[in-house]
Amino acid sequence: MFNLPEYPDVHTTRHITCVSCKEKFAITEGHRIGEPQERQWRVLSHEANQINLRQEDNRQRRPVVPQPLQIPAQVENSEQPEFLQQPPTKFTPYKIHCPRCGADNRNWLLLQNNDNQNLWQKYVSRFPHIRYALLLAAVFSFLTLLIPLRSWLQIIFLAIFIPFAVLSLIVELTQHWGKLREGKHIAKIKPDAPDEERALWIRGFSWVLLASVLIPLIFFVLAPRVIQYGIKVVEPSPEAEVEKAATDVGELVNQDLENTAANLEAIADDMDNLLTGMPTNASPQFEQEVATFSEKLSAVVTAALNELNIIRQESPDIIEARRTQELEKIDKARAKAIEQLKKEIMADIRFLLVWAVMVGLPVFISVFIVMRSIKAYVKKVDGQLPPPLFYSVASMTRVVSWEAKQALEIEGTMHHIQWVSVKRNEEGGITLTGLHRDLPNFNANGQVRGETVRAQKHVIKTDLWGRVITATIHDTRVPRPVGGPEFVTALPLPHEAPIRVRPPAR
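Residues numbered from 1 in each chain as written. Predicted model: local features only at pLDDT ≥ 70, side-chain atom pairs only at ≥ 80, totals over all residues. Heavy atoms only, no water.

Looking at this structure, how should I read the overall build of the chain?
Regarding its fold elements, the chain presents ten helices and twelve strands. Here the chain holds 506 residues, and 31% of them are scored as buried. Here the analysis covers contacts within the chain between residues at least 6 apart in sequence; of these, 64% occur between residues at least 24 apart. Summed over its atoms, the accessible surface of the chain is roughly 33200 Å², and 57% of this surface lies on carbon and sulfur atoms. (Helix = DSSP H or I, 4+ residues; strand = E, 2+ residues; numbered from the N terminus. Buried < 20%, exposed > 50% of the residue type's maximum accessible area, 1.4 Å probe, protein only. Contact = heavy atoms within 4.5 Å. Areas by Shrake-Rupley, 256 points an atom, 1.4 Å probe, with all protein chains shown as cover.)

Would you explain the pattern of salt bridges in this entry?
A side chain of one charge can pair with a side chain of the opposite charge when the charged atoms of the two come close. As enumerated under the stated definition, the model contains eleven salt bridges in all. For Arg-454, the salt bridge identified is with Asp-438, shortest N-O distance 2.8 Å. Pair noted here: Arg-454 is in strand β9 (residues 452-463) and Asp-438 is in the loop between β6 (428-437) and β7 (441-442), with a separation of 16 residues, a long-range link. Residue class for Arg-454 comes out exposed when judged on its relative accessible area of 53%. The exposure class assigned to Asp-438 is partly exposed, which follows from its relative accessible area of 34%. For the salt bridge of Glu-451 with Arg-480, the shortest nitrogen-to-oxygen distance reads 3.5 Å. Of the two residues, Glu-451 sits in the loop between β8 (448-449) and β9 while Arg-480 sits in the loop between β10 (468-479) and β11 (488-490), which places them 29 residues apart along the sequence. Here the salt bridges do not stand alone but share partners, grouping Lys-184, Glu-197 and Lys-375 into one network. (Salt bridge = Lys/Arg side-chain N within 4 Å of Asp/Glu carboxyl O.)

Is there a simple way to explain the environment of Ala-165 in this structure?
Along the chain, Ala-165 turns up in helix α4 (residues 152-174). For the pair formed by Ala-165 and Val-363, sequence separation is 198 residues and the distance between their alpha carbons is 6.9 Å. Apart from the residues lying within four places of it in its own chain, the contact partners of Ala-165 are Trp-207, Ala-211, Val-359 and Val-363.

Hey, could you run me through the pairing of β10 in this one?
Note on strand geometry: in a regular strand, side chains alternate between the two faces of the sheet. Alignment of β9 against β10, held across eleven bridges, turns out to be antiparallel. When the sheet's bridge partners are listed, Thr-452 is paired in β10 with Pro-479. Hairpin connection of β9 to β10: four residues between the antiparallel strands, including Gly-466 at a positive phi of 80°. (Pairing = 2+ DSSP bridges.)

What exactly am I supposed to notice about the pairing of strand β2 (residues 24-31) here?
The buried count for β2 comes to six of eight residues, which makes it a mostly enclosed element. Pairing of strand β1 (residues 12-17) with β2, which is carried by six bridges, proceeds in the antiparallel orientation. Residue pairing for β2: Arg-14 is matched across the bridge by Thr-28. Between β1 and the antiparallel strand that follows it, β2, lie six residues; Lys-22 among them carries a positive phi value of about 65°.

Sorry if this is basic, but what is going on with the packing of helix α3 (residues 130-144) against α4 here?
The contact between α3 and α4 brings their axes to 8 Å, and the two run at 170°. Regarding the angle of α3 to α4, the classification is roughly antiparallel. Two secondary-structure elements touch here, α3 through Ile-130, Ala-133, Leu-134, Ala-137, Phe-140, Ser-141 and Thr-144 and α4 through Ile-155, Leu-158, Ala-159, Ile-162, Pro-163, Val-166, Leu-167 and Ile-170. (Axes fitted to C-alpha atoms, helices over the stretch in contact; angles between N-to-C directions. Parallel < 35°, antiparallel > 145°, perpendicular 65-115°, else oblique.)

What am I meant to see in a nonpolar patch on the surface here?
Judged by side-chain polarity, Leu-209, Leu-210, Val-213, Leu-214, Leu-217, Ile-218 and Phe-219 come together as a nonpolar surface patch covering roughly 570 Å² of accessible area. Tracing the backbone shows Val-213 in helix α6 (residues 196-234). Given the relative accessible area of 33%, Val-213 is considered partly exposed. (Patch = residues over 30% accessible without salt bridge, like charges linked within 9 Å, V, L, I, M, F, W, Y side chains within 5 Å.)

Is there a simple way to explain α4 in this structure?
Since the α-helix packs 3.6 residues into each turn, any two residues three or four apart lie on the same face. For α4, built from 23 residues, the straight-helix expectation of 33 Å at 1.5 Å per residue is met to within 8% by its first-to-last C-alpha distance of 34 Å. Looking only at α4, the buried set comprises Gln-154, Ile-155, Leu-158, Ala-159, Phe-161, Ile-162, Ala-165, Val-166, Leu-169, Ile-170, Leu-173 and Thr-174. (Expected span 1.5 Å × (residues − 1).)

Quick question: what am I supposed to make of the packing of α3 against helix α9 (residues 349-382) here?
A pair of packed helices is captured by two measures, namely the crossing angle of their axes and the spacing between those axes. Their axes nearest at 9 Å, the elements α3 and α9 cross at an angle of 170°. The angle between α3 and α9 places the two elements in the roughly antiparallel class. Here Tyr-132, Ala-133, Leu-136, Phe-140, Leu-143 and Thr-144 of α3 lie close against α9, whose contacting residues are Met-358, Leu-361, Pro-362, Ile-365, Ser-366 and Ile-369. Broken down by class, the residue content of the contact of α3 with α9 amounts to ten nonpolar, two polar and no charged. (Nonpolar A, V, L, I, M, F, W, Y, C, P; charged D, E, K, R; others polar.)

Can you help me understand the sheet that holds β9 in this one?
One key point about sheets: their strands pair by backbone hydrogen bonds, in either a parallel or an antiparallel sense. Read from one edge of the open sheet, four strands run β5-β6-β9-β10, paired in antiparallel fashion. Of all the strands in the sheet, the pair left with one neighbour each is β5 (418-424) and β10. Across the sheet, the mean angle from the axis of one strand to that of its neighbour is 15°, orientation sign disregarded. Pairing of β5 with β6, which is carried by six bridges, proceeds in the antiparallel orientation. In the sheet register, Lys-423 faces β6, and the bridge partner there is Thr-431. Helix α10 (residues 393-408) contacts β5, β6, β9 and β10 of the sheet and is inclined by roughly 60° relative to β6.

Explanation requested: the confidence of the model for the chain in the structure shown.
Should the pLDDT be low somewhere, the predicted coordinates at that spot are not to be read in detail. Averaged over the chain, the pLDDT score is 75; the fraction of residues at 70 or greater is 60%. Looking at the elements of the chain, mean pLDDT is at its lowest for β11, recorded as 41, and at its highest for α3, recorded as 93. (pLDDT = per-residue confidence, 0-100.)

Looking at this structure, how should I read the packing of aromatic side chains?
For any pair of aromatic rings, the description rests on two quantities: the centre-to-centre distance and the angle between the ring planes. Under the definition given, this model contains 14 aromatic pairs. Centroid distance Tyr-123 to Phe-127: 6.4 Å. Interplanar angle 40°. Geometry classified as tilted. What makes Tyr-123 buried here is its relative accessible area of 13%. Classification of Phe-127 as buried rests on a relative accessible area of 2%. The ring of Tyr-123 carries Lys-122 above its face, with NZ or CZ at 5.8 Å from the centroid. (Phe/Tyr/Trp six-rings, centres within 6.5 Å; stacked < 30°, edge-to-face > 60°. Lys NZ or Arg CZ within 6 Å of the ring centre and 35° of its normal.)

Okay, structure coming up:
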């Protein structure tokens, strides 16, 4: 085994995704161990750390500047905030701005922070109308107990499943409120954008179909038949066991009969030998009694052997009759078990209809209740959150131009590039076009030669969140700029003074 050192003592960080541009950045760091009053944490500084990667003269090994900068720099106070000896739940008035687009994420952070609320409080505070859906489910669940079905097992299962189906619908639909909000904004700039509201309606009605039709068919029709078939395949066949038992009994009976016949014949032989060995000079009366006894013994042995032969001949029929009786008992027991399974678990047409009505109706009504609550919450929240980045071409241009500088490794402030075109593309983002023109050529008299100049054309294409998809630079020739920089040339005059051939742009 390796004798490895301990892990370094590091701070854990909490991240948030910007509500406007989807930039993920860290907001706090610290230790979350011990009692709440002993925990230490702080808000990250607005000054990013610089990491020197070996060799700076190599352009591929230049210093890396991390981007999670969320606290705006204050002119009067540029120091980093110190550790705060207080529980994390205490209010700390810090600004949470996105380092990429500058959006204010304070309200968004509060929506993400649910540490002080349990699950029920969270749903009721955001979607208060769901209480009516749960109340409706409770009413239908109570009515189910009054419906006479074939077994109490079906009634109990149906009564429990109704609130479960409604609660599952609430959880499934409400978790997509963020997509619904974004979808409404995307639909304003992309005519072919997916309709998130329609997708939620389809999802809700699909759950109605699944809960009211497919689930009872699976659990109360298909599953019992599969279980029954599996039991037949896995368990040994009772018919084979009965056949084996009957064969063993027949062989045992035949063996016993043969042993009994052999014993009788042996006894008869012993008696004959005994009678034969009697003295011959006995009285005539004694000889007559011996002869009579011998005849009776022979008759008894013969009768016993005949009975054994009859039993040997009749035993297969008796065993077969008993086997038939046992098989009939097994068939009756199996039929009774199947009938009990059908009665307790398997659904008939009446139960399926009751299930479809008692489950489908509250879930169907709950779809409208939950969708109304989601749309009301989205409308309420959207008024208190920054709009997405793609709502404004100007905001996207500012962010994209900065990212294009990093992607294309453009030095300086990019003031030498004249952005001549910005328009939305099919992705919902923008296509930014800029020109870096060369100086025009002058003749000896200071006059400009030619109507075009060399230029580098910068074309940046982004998605709707301002992420650069493609960024290209290619050479071209374009018309001279209308207002360019101050061009200065030296003419062969006696005083060798420079001549201003074009006034600077004012």
